[in-house]
Amino acid sequence: MSEKTDKTEQQRLSVFKTYKLYVGGKFPRSESGRVYEVTDSKGKWLANAPLSSRKDARDAVVAARKAFGGWSGATAYNRGQILYRVAEMLEGRRDQFVREVADAEGLSKSKAAAVVDAAIDRWVWYAGWTDKIAQVVGGGNPVAGPFFNLSTPEPTGVVTVLAPQESSFLGLVSVIAPVIATGNTVIVIASEKSPLPALSLGEVLATSDLPGGVVNVLSGKTAEIAAPLAAHQDVNAIDLAGADDVLAKELEIAAADNLKRVVRPQAVDYSRTPGIERLTAFLETKTVWHPTGALGTSGSSY
């Protein structure tokens, strides 16, 4: 009986993971049907990742625009709860991400664990900022006259993010979380060389409370996917974190056609506390004037 059991176990085939895009809360294969091989730091095959097409990019924009109204209209407190829920889900799948980050970045298990822990903490950090950023960048303005003058931050809209190429998970979280924390929706182009942590993140987002379309994850050739998104008239901003100097210049020129906000690529140590620069990068300031009115016959005002 024991020999038969051992033989059965030896004959069992491994079940390989099929990675898919994450668009509009669903997991489509690339519209083109193409895939490309993803290898670890030593050249060992890990998986086939979807090779996104221009059509996939356009579909992601449609999904992000559709989700924008509901997400931007949610209370900041509710957005914070949802971001915290994402951190909870990541914590539950910590071992999977440690393995994927170790393979993607050629790290030891202990170093990969430190990276994943930092990424989870980063989600929690941004979750805490959702209902506080308005107090930092908005408020009442002193004016000469019987008026209330109030400035409040509002999300820019649909944002394309080129994820960092080398920091496949911590860098990815560091550029996605601030965009959605402030009420924007996002199309993220995963690291071309190491897309698997980003594609797995889509599975986490789908099982959290994040509405479909708020985050859309594409994988493939960064330049091929980014070009139509930079020129897309329904994309409001673009973060070029994962672009090299040549590609960044081309995309910045394309983005100028509809006056997109652009965050230029720069050297960033993603392990350090990020500050609020990426939170404010995709916020617009709305200023409202309102008469104070008068109280009683004395003419005194608020």
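Here's a quick rundown of the structure.

Cut-offs applied
- Residues numbered from 1 in each chain as written.
- Predicted model: local features only at pLDDT ≥ 70, side-chain atom pairs only at ≥ 80, totals over all residues.
- Heavy atoms only, no water.
- Helix = DSSP H or I, 4+ residues; strand = E, 2+ residues; numbered from the N terminus.
- Buried < 20%, exposed > 50% of the residue type's maximum accessible area, 1.4 Å probe, protein only.
- Contact = heavy atoms within 4.5 Å.
- Pairing = 2+ DSSP bridges.
- Axes fitted to C-alpha atoms, helices over the stretch in contact; angles between N-to-C directions.
- Phe/Tyr/Trp six-rings, centres within 6.5 Å; stacked < 30°, edge-to-face > 60°.
- Polar contact = N/O pair within 3.5 Å; in protein donor to acceptor, adjacent residues only side chain to side chain.

## Points about the side chain of Thr 222
Thought 1: With respect to the helices and strands, the residue Thr 222 is situated in helix 9 (residues 222-231).
Thought 2: Classification of Thr 222 by relative accessible area gives buried; the value is 4%.
Thought 3: Once residues lying within four places of it in the same chain are set aside, the contact partners of Thr 222 are Leu 162, Gln 165, Ile 189, Ala 190, Glu 192 and Leu 247.

## What to know about the sheet that holds strand 5 (residues 158-162)
Thought 1: Strand order in the open sheet formed by 5 strands is 7-6-5-8-9, and the pairing between neighbours is parallel. Each end of this open sheet is capped by a strand with a single partner; those strands are strand 7 (215-218) and strand 9 (261-263). Pairs of neighbouring strands in the sheet enclose a mean axial angle of 15°, with direction left out of account.
Thought 2: With 3 bridges joining them, strand 8 (residues 237-239) and strand 9 adopt parallel strand pairing. By the bridge assignment for strand 9, Ala 237 is matched with Arg 261.
Thought 3: The sheet strands contacting helix 7 (residues 170-181) are strand 5, strand 6 (185-189), strand 7 and strand 8, and the helix crosses strand 6 at an angle near 165°.

## Observations concerning the packing of aromatic side chains
Thought 1: Enumeration according to the criterion identifies 5 aromatic pairs in this entry.
Thought 2: Ring centres of Tyr 22 and Phe 27 lie 5.1 Å apart, and the angle between their planes is 35°; on these two criteria the pair is classed as tilted.
Thought 3: Here Phe 27 falls in the partly exposed class, since its relative accessible area comes to 32%.
Thought 4: Measuring from ring centre to ring centre gives 4.8 Å for Phe 97 and Phe 169, while their planes differ by 20°; the resulting arrangement is stacked. Pair noted here: Phe 97 is in helix 4 (residues 94-105) and Phe 169 is in the loop between strand 5 and helix 7, with a separation of 72 residues, a long-range link.

## Details of the environment of Ser 30
Thought 1: Examined against the element boundaries, Ser 30 turns out to sit in the loop between helix 1 (2-11) and strand 1 (35-39).
Thought 2: As for Ser 30 and Gly 220, which are separated by 190 residues in sequence, their C-alpha atoms are 9.6 Å apart.
Thought 3: Filtering out sequence-adjacent residues up to four positions away, Ser 30 remains in contact with Leu 21, Pro 50, Leu 51, Ser 52, Ser 53 and Asp 56.
Thought 4: In terms of polar contacts, Ser 30 uses its side chain to reach the side chain of Ser 32, at 2.9 Å.

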